[in-house]
Amino acid sequence: MANKILVYIDHFAGQVVPASWEAVGVGTSLAEELGGDVVAVVLGHEVEEFAQNAIQFGAGGVLVGDAPELKDYRPEPFASVLSQLAAEAEVLLFPTTSRTRELAGMVAVDLETGVIPDVVAFEIKDGSVLATRPIYAGKLLTKVVCSEKRPQILTLRGRAFPKPEPDPGRSGEITPIEMELGEITTEVTGYSESKVGVSLTDAAIIVSGGRGVSNNPQLSPPAEITDESEQEIWRAQQGFALVGELAQVLGAAMGASRAAVDAGYIPYEHQVGQTGKVVSPDLYIACGISGAIQHLAGMRTSKTIVAINRDSEAPIFKLARFGIVGDLFDLLPPLTQAFKDRLGS
Amino acid sequence: MNIVVCVKQTPDTAAIVTVEDGVVSWGDAPVVLNPWDEYAVEEALRIKEAHGGEITAISLGPEDAKEALKQALAMGCDQAILISDPVFAGADTLVVSKILAASIDKIEGTDLVIFGRASVDSDTGVTGPQVARRLGWPALSLVAAISSLDPEGKTIAVERMLDEGRQLVSSPLPAVVSVVKEINEPRYPSFMGIRKASRAEIPLWTAAELGLDEISDPAVMWPDIMAPPKIETEVEMIEGETPEEIAARLVDRLMEEKVI
């Protein structure tokens, strides 16, 4: 019997997480080496359109589980359905997101098999997937294999694998599935609007600010702010406004160092590093970030790093492709302008 | 409210971690309570302060891995248990979740289990949800706020931090929660707490005591651990007379190298 390679398509609020298509691409390469079919799985409510997309990105077929109870993501029913579908599969792939780590883990428990989260590379060895994943936030890498149990469950880090070119001419079978949702005891009561803008993990470009963003003595806070720490935060906000303007021109996500987050300059959602998000964009522009080891661990795999810092000895320059020794307050406005002029936006 | 906090001992995040012949070391950097778990312990303490009850910190690790538990005690947990047995060596998350679920079963009467979102060493982030699945309790992962908690009605409402924003979820208890950094600001252990912790007897539970006569083999193995490839980069410093000139040069170089 042909191997079945299942790929879970993760989506939220009507949008597929782009790394899902990268996972379809990985499924396709696994099928080339192991043989078998790539079958995408779309669960939710009124999600037929995603199934069409999955075929364009390379899935041979799509299983669609549509139910009103699946409109809001909850791990229990999603895991139950996936466990039913994956029981006979060779491999089950997920893009790594805030939903799929738990899903992958729960399916692994249901099927008493192994789970390998946040994979960045793989090869085939003795008929099993030998996966590479970062540990200690990328300070080390480990190879992991699930050699006997099946399915092999992997979540794939976003931007670690190429996204296939969609082919609108491809066709494949879309099959609605019967589902056993199990008892659902939790209820989703709503969503808050704290959207960060461009998601750090999906971003092709990230502009980040560190402790240095508050370091502009030329700025004097309004007279009504008398508290010293509030003055510092006011200064930092002016600095992050410049970081944000550059990010906007580049269509980039805005990141921050732990020092900046801990100082209260910017919410935690923006933190890059060992205790924040681990990112690997094409371009990472670090502004006023000295480069503590725990920050470097979170962004060292960025393709090109630009560092702007007043201290020429800052460790960030050791990882950088381009460096500027100078004050970000002097440099960011003309840099934003220069990008605007050259990119014509 | 009886709470179990699952903690792990990890090297300090400032440590330079190296590997030689497959053995990971972090020099003389200290081992600490996994930073994510500090938030789990803190949240348990806050719930206890509001609703009463008892907090048990448990940790799975080798026999000398008591630092995390001592720190949890020093912060204010009522008791700590080390889960340790030579047969647990090499356990993957599948096996770890089985051992932790058996431990929580043995503790009895637990209303809430709290994990940190992941450990900073192996960074899988799946153990909490796997324990929830084994116990058959709801998994509430990546919680940034507990918006309400009703110990009598046995319900909890949380804000989960998804990549795209926060999802508000209500759930019956018992449940398994994993927390993120936004949830609180962990306290420093008090002097008294540290003294109490240093004198505390930490009981050790083995496989036999958990009724785990047969520990299944791990499903995944780690045949190799290595340093990441050295990043070969020679920094090119961009200089100029004015900020405008420097900015223009940087954009030129980024375009020449087709970065943009």
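What you see is a predicted model, and the numbers here were worked out from it, not measured in a lab.

Caption draft 1: Fine view of the overall build of chain B. For chain B, the helix and strand inventory stands at 6 helices and 15 strands. Projected onto the principal axes, the alpha-carbon positions of chain B cover approximately 70 × 45 × 40 Å. Expressed as a percentage of the 260 residues in chain B, the buried residues total 48%. Within chain B, counting contacts between residues at least 6 apart in sequence, those at least 24 apart form 67% of the total.

Caption draft 2: Broad picture of helix α6 (residues 243–256) of chain B. All names here are of chain B. With 14 residues, α6 extends 20 Å between its outermost C-alpha atoms, agreeing within 8% with the 20 Å of an ideal straight helix rising 1.5 Å per residue. Taken together, the buried positions of α6 are Ile246, Ala247, Leu250, Val251 and Leu254. For α6, the angular spread of the buried residues around the axis is 130°, confining them to a single face. Directly beyond the C-terminal end of α6, a positive phi value near 55° is found at Lys258.

Caption draft 3: Fine view of the sheet that holds strand β15 (residues 253–256) of chain A. Strand order in this open sheet of 6 strands is β15(A)-β14(A)-β16(A)-β17(A)-β18(A)-β15(B), and the pairing throughout is parallel. The two strands at the open ends of the sheet, each matched to only one other strand, are β15 of chain A together with β15 (236–237) of chain B. Relative to strand β17 (residues 304–309) of chain A, strand β16 (residues 283–287) of chain A runs parallel, the two sharing 5 bridges. Bridging from a neighbouring strand, A:Ile285 pairs with A:Val306 of β17(A). In the packing of helix α5 (residues 228–250) of chain A onto the sheet, contacts are made with β14 (205–209), β15 and β16 of chain A, and the angle to β14(A) comes to roughly 175°.

Caption draft 4: Layout of helix α4 (residues 127–135) of chain B. In terms of residue burial, α4(B) counts as a mostly covered element, since 9 of its 9 residues are buried. Taken residue by residue, α4(B) has B:Thr127, B:Gly128, B:Pro129, B:Gln130, B:Val131, B:Ala132, B:Arg133, B:Arg134 and B:Leu135 as its buried positions. Among the structural elements, α3 (75–86) and α4 (100–111) of chain A together with α3 (93–107), β8 (112–116), β9 (139–150) and β12 (175–179) of chain B are those in contact with the buried residues of α4(B). Looking one or two residues beyond α4(B), the residue adopting positive phi is B:Gly136, at roughly 75°.

Caption draft 5: Fine view of the interface of chain A and chain B. On the chain B side, the residues contacting the 73 residues of chain A number 67 residues. Among the elements that make up the side of chain A that touches chain B, the one with the highest residue count is α4(A) (8 residues). When the residues that make up the side of chain A that touches chain B are grouped by side-chain class, the tally is 35 nonpolar, 22 polar and 16 charged.

Caption draft 6: Fine view of the confidence of the model for chain B. On average, chain B scores 95 in pLDDT, and the residues at 70 or more come to 100%. At the level of chain-chain contacts, confidence expressed as ipTM amounts to 0.95, with global pTM at 0.92.

Caption draft 7: Expanded view of the packing of helix α9 (residues 328–343) of chain A against α6(B). Direction vectors running N to C along α9(A) and α6(B) enclose 45°, while the axes themselves pass 8 Å from each other. As far as their axial angle goes, α6(B) and α9(A) are oblique. Once α9(A) is placed against α6(B), the crossing between them reads as right-handed. For the pair α9(A) and α6(B), the contacting residues are A:Asp330, A:Leu331, A:Pro334, A:Leu335, A:Ala338, A:Phe339 and A:Arg342 in the first and B:Pro243, B:Glu244, B:Ile246, B:Ala247, B:Ala248, B:Leu250, B:Val251 and B:Met255 in the second. Classifying every residue of the contact of α9(A) with α6(B) by side-chain character gives 12 nonpolar, no polar and 3 charged.

Caption draft 8: Seen up close, the nonpolar core. Counting residues in hydrophobic clusters, the biggest one holds 189 residues, and the most contacted among them are A:Val7, A:Val41, B:Val5 and B:Ala72. Two domains each provide a minimum of three residues to this core, namely domain 1 (4–176) and domain 2 (205–343) of chain A. Beyond its immediate sequence surroundings of up to four residues, B:Val5 is in contact with B:Ala40, B:Val41, B:Ala44, B:Ile55, B:Ala57, B:Ala72, B:Cys77 and B:Ile114.

Caption draft 9: Inspection of the domain arrangement of chain A at higher detail. All names here are of chain A. What the domain assignment reports for chain A is domain 1 (4–176) and domain 2 (205–343). At the interface, 4 residues of domain 1 touch 7 residues of domain 2. Among the residues making up the side of domain 1 that touches domain 2, the classes are represented as 1 nonpolar, 1 polar and 2 charged.

Conventions and cut-offs
Residues numbered from 1 in each chain as written. Chains lettered and ligands numbered in written order. Predicted model: local features only at pLDDT ≥ 70, side-chain atom pairs only at ≥ 80, totals over all residues. Helix = DSSP H or I, 4+ residues; strand = E, 2+ residues; numbered from the N terminus. Buried ≥ 20, exposed ≤ 12 C-beta atoms within 10 Å, placed from the backbone. Contact = placed C-beta atoms within 7 Å. Expected span 1.5 Å × (residues − 1). Arc of directions from axis to C-beta. Pairing = 2+ DSSP bridges. Axes fitted to C-alpha atoms, helices over the stretch in contact; angles between N-to-C directions. Nonpolar A, V, L, I, M, F, W, Y, C, P; charged D, E, K, R; others polar. pLDDT = per-residue confidence, 0-100. Parallel < 35°, antiparallel > 145°, perpendicular 65-115°, else oblique. Left-handed = near helix turned anticlockwise from the far one by under 90°. Core = buried A, V, L, I, M, F, W, Y, C linked by C-beta atoms within 7 Å. Domains from an automatic or database assignment.

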